[in-house]
Each structure stands twice: as structure tokens, then as C-alpha cells.
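Reading the structure
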Amino acid sequence: MGCQHCGSRRLVPKVLVGGPMAGLDNKDGRYVCLDCGRELVPLGFEDEAERKDFTLGKEDGGKGMLHIPIVPVDTWPLFSVPVLDVPLVQVAQVVELEWHEDWHILPGGVPFADYLRATGSSRYGAEEVLLMDLAGMQRARPNFEALKALMKRKYSVWLEMGVREVQDLFDAFTLGAEAVLVGSMTCSSERLLKEVIELSDMSVPLLYHAGKVLWGAAGLPAELPGALRQLSDLGYERAAVLDLRRLGGREGYDRELADLALSADIEIVFGGGVHEPDLPELRAKGAVGALLDPYTPVLRDIIRSQATVQEERLLPALERRDVRTGAGPAPDKSAH
């Protein structure tokens with residue numbers, strides 16, 4: 001295992017003191033990195049080569065544009081799954097989303113582990129992902145046990161779990177989030193935005209846009225330029241904008257909306273209809289990053305290729321089993 005921030009293996013468990021059995025009752029799964037000093041949930045690396053690749057990626061991470069795949073997971077059904085008995089990375093499904101006055105989850109999905117294997121493949125090369133916990137966003141009930149299991153990966157996780165109060169921010173960072181998204185649809189007041197920026201500069205406001213900025217309370221700017229100006233005035237240096245009308249669609253991203261967002265005096269990560277070929281254009285426009293749609297054609301192709309490779313690997317094993325057990329095709333009774 002290693003540090004999710006710098007890749008170091010020099011980790012020690014964080015023990016909370018003051019409980020009845022300090023050291024036993026007061027472990028919460030967090031560690032402290034002796035190299036970078038940050039608290040974290042350790043990442044599991046398959047081997048030393050994977051850890052070194054991760055470390056090199058961290059050292060080189062500031063040179064290019066952020067390209068962050070959106071990974072929506074419906075964690076609500078996972079409340080009924082026994083965490084200790086079932087590998088949640090296989091049970092949790094990365095779903096497809098559409099927006100029509102509300103979130104709509106489309107049928108189907110891919111296991112979380114398979115989806116992240118695709119985004120982390122050499123062909124795709126994502127180092128960050130935006131994990132959306134739909135239970136937290138829609139129902140104000142983040143699934144902490146599921147998130148803890150899903151976030152023990154080699155990625156830097158940007159987490160959107162429906163921040164509604166400052167305690168949610170603490171919870172998200174405790175889980176090991178690299179950055180916490182404060183979504184406008186669950187943001188209840190300007191006061192919350194002020195408290196968040198005072199507590200952490202690793203929090204990024206996420207403005208959901210559907211013709212206007214959608215806020216969780218009245219009184220906040222509905223026009224995009226005004227909303228971004230307010231965030232800048234509060235001290236935020238970066239914000240994300242997600243165009244809900246184009247999310248998951250085939251029309252591509254709204255260039256006029258992107259230009260409007262990128263004219264603001266604040267760094268912008270733009271999403272909604274963004275696919276991999278759009279990255280150079282957005283970078284040229286001045287975006288520091290992009291939120292890539294779930295299930296872009298490129299990702300679908302990688303996921304299909306992975307499934308084909310896995311089937312080809314399984315076939316020889318199944319054939320060997322048939323030879324050992326004498327199993328084979330059923331006899332043709334019509335010949336008798």
C-alpha cells in the first residue's frame with residue numbers, strides 16, 4: 001500500500017486518543033504519511049512498478065491539462081450489501097445519467113472496478129476521477145462504507161457527495177478525497193461557501209448549469225458570470241462548471257457556454273458533453289481542466305476490449321476443466 005498523495009510507502013496508522021481503549025477502539029482506517037505529512041486512506045498497489053508509475057505521474061501531474069472522468073455511482077442499493085462479505089468494487093455500478101429537471105439513471109452499468117480499470121489504462125491515462133455519490137447528492141445520505149471501499153484506489157479522487165454543511169467537508173476529506181466538490185444544487189447559502197474556503201483550499205465549487213445555475217437555496221446568483229464572480233470575490237481560485245443539458249449527450253459541449261465560463265477571473269474546469277477529442281480545444285480556450293462525460297465512445301471501446309481479453313483468458317481454463325472432468329458437449333440422442 002502507499003500514500004494517495006505522493007506514493008510513499010512510509011505510512012503509520014493514525015490512532016485517536018482519549019477513548020476507552022486507545023489504539024483499539026480509536027482506529028478509523030486512516031494513516032499518516034511520514035514523507036508528505038498528510039492524512040489518508042492508503043492505496044493498494046498491485047506491485048512496486050505500479051507504485052513507481054503512480055509516483056512519477058504525481059511528479060509530472062502539474063504539466064498538463066486535467067482530464068477528469070465523471071464516475072457516477074448509485075450507492076443507495078449498497079446500503080443493504082454486507083460490506084465484509086462482498087467486494088464492493090464489483091457490486092457497485094457506474095451508471096449513465098441524464099438530466100431532465102432531475103437526475104435520471106439509465107438502465108445498465110459497468111462494475112466500478114472494470115470502469116476504473118478502463119480510465120486508468122495506458123490508452124486512457126486518467127490520474128484523477130470525479131466520483132459522484134448519488135445517494136449523498138440526491139438523498140442527503142452519503143454511503144460512507146461504500147465510499148471508503150471505492151476510494152482505496154490508485155487515483156486522486158475528486159468527490160461530490162452532496163456537501164450541505166461543513167461537517168460534510170470534514171467527512172469527505174477523512175475518506176481520502178484529493179478535492180471535495182461543493183455542488184451548487186446542495187449548497188444552501190453564501191455562508192457555507194465562505195466557511196468552506198476558510199477551511200480548505202482543496203475544495204472546488206461545482207456549478208450545475210441548466211440554462212441557469214441551479215442552487216440549493218434562493219438568493220444566490222443564477223447567471224453564470226455573476227455566480228463565478230461571487231466565487232472569485234469569496235477567495236476561490238478555481239471552480240468547475242457542468243452543463244447538465246449536454247451531459248451524456250451526442251451534441252458535444254456548448255462552446256458558447258464554455259466561452260462564457262472561461263471569460264471569468266477564475267480557473268475553470270469545464271464539463272458537460274465533453275469528450276476526449278475536445279481537450280485540445282478547451283485547453284486553447286484557457287480551461288485548466290475538463291470533466292469528461294461518463295461512457296464516452298473511447299471509454300466504451302476500452303471497456304469492450306477489456307471484456308474480450310478477459311473472456312479469451314478464461315476460455316483455456318474452462319477447456320482444461322472440461323478435459324479434467326470429462327465434461328463435453330451432450331451426446332446427440334437423435335442419432336440413436
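The sections below set out a description of the structure shown in this document. Note that the structure is a prediction, hence the values are computed from the model and not measured. (Residues numbered from 1 in each chain as written. Predicted model: local features only at pLDDT ≥ 70, side-chain atom pairs only at ≥ 80, totals over all residues. Heavy atoms only, no water.)

**Observations concerning helix 6 (residues 166-174)**
Counted only if it meets this: The rule is simple: take the accessible area with a 1.4 Å probe, protein chains only, and divide by the maximum for that residue type; under 20% is buried, over 50% is exposed, in between is partly exposed. A run of DSSP states H or I qualifies as a helix once it reaches four residues; a run of E qualifies as a strand once it reaches two. Both are numbered from the N-terminal end. The arc refers to the directions leading from the helix axis to the C-beta atoms.
Those residues of helix 6 that fall on the buried side of the exposure criterion are V166, D168, L169 and A172. The buried residues of helix 6 occupy an angular sector of 155° when the element is viewed end-on, so they sit on one face. Positive backbone phi, approximately 105°, marks G176, located one or two places after helix 6.

**What to know about the side chain of E128**
Formally: Contacts are residue-level and defined by heavy atoms, with any inter-residue pair within 4.5 Å sufficient.
Among the structural elements, E128 can be located in strand 9 (residues 128-133). Residues within four places of E128 in sequence aside, it is in contact with L66, H67, I68, P69, S156 and W158.

**Examining the packing of aromatic side chains**
Under the convention used in this document: The criterion for an aromatic pair is that two Phe, Tyr or Trp rings (for Trp, the six-membered ring) have centres within 6.5 Å, with stacked assigned to planes under 30 degrees apart, edge-to-face to planes over 60 apart and tilted to the rest. Charges are assigned to positions over rings by a cutoff of 6 Å between ring centre and Lys NZ or Arg CZ, combined with an angular limit of 35 degrees from the ring normal.
Counting across every chain of the model gives 5 aromatic pairs. Taking the centre distance of 5.3 Å and the plane angle of 75° together, the rings of W76 and F79 count as edge-to-face. Judged by relative accessible area, which is 31%, W76 ranks as partly exposed. F79 sits in the partly exposed class, given a relative accessible area of 32%. Joined through ring pairs, the aromatic side chains of W99, W103 and Y208 make up one cluster. Just above the ring of F79 sits the side chain of R141; from NZ or CZ to the centre is 4.1 Å.

**Some details on the packing of helix 7 (residues 190-199) against helix 8 (residues 224-234)**
Put simply, the rule reads: All axes here are fitted lines through C-alpha atoms, helices being fitted over the stretch that makes contact, and every angle between N-to-C directions spans 0 to 180 degrees. For this classification, under 35 degrees means roughly parallel, over 145 means roughly antiparallel, 65 to 115 means roughly perpendicular, and everything else is oblique. Each helix crossing is assigned a hand: it is left-handed if the near helix lies turned anticlockwise from the far helix by less than a right angle, otherwise right-handed if that turn is clockwise. The nonpolar class holds Ala, Val, Leu, Ile, Met, Phe, Trp, Tyr, Cys and Pro. Asp, Glu, Lys and Arg form the charged class, and all remaining residues, Gly among them, are polar.
The geometry of helix 7 relative to helix 8 is characterised by a closest axis approach of 10 Å and an angle of 45° between their N-to-C directions. In terms of axis orientation, helix 7 runs oblique to helix 8. The chirality of how helix 7 crosses helix 8 is right-handed. Residue-level contacts link E190, L193, K194 and I197 of helix 7 to Q230, L231 and L234 of helix 8. Among the residues making up the contact of helix 7 with helix 8, the classes are represented as 4 nonpolar, 1 polar and 2 charged.

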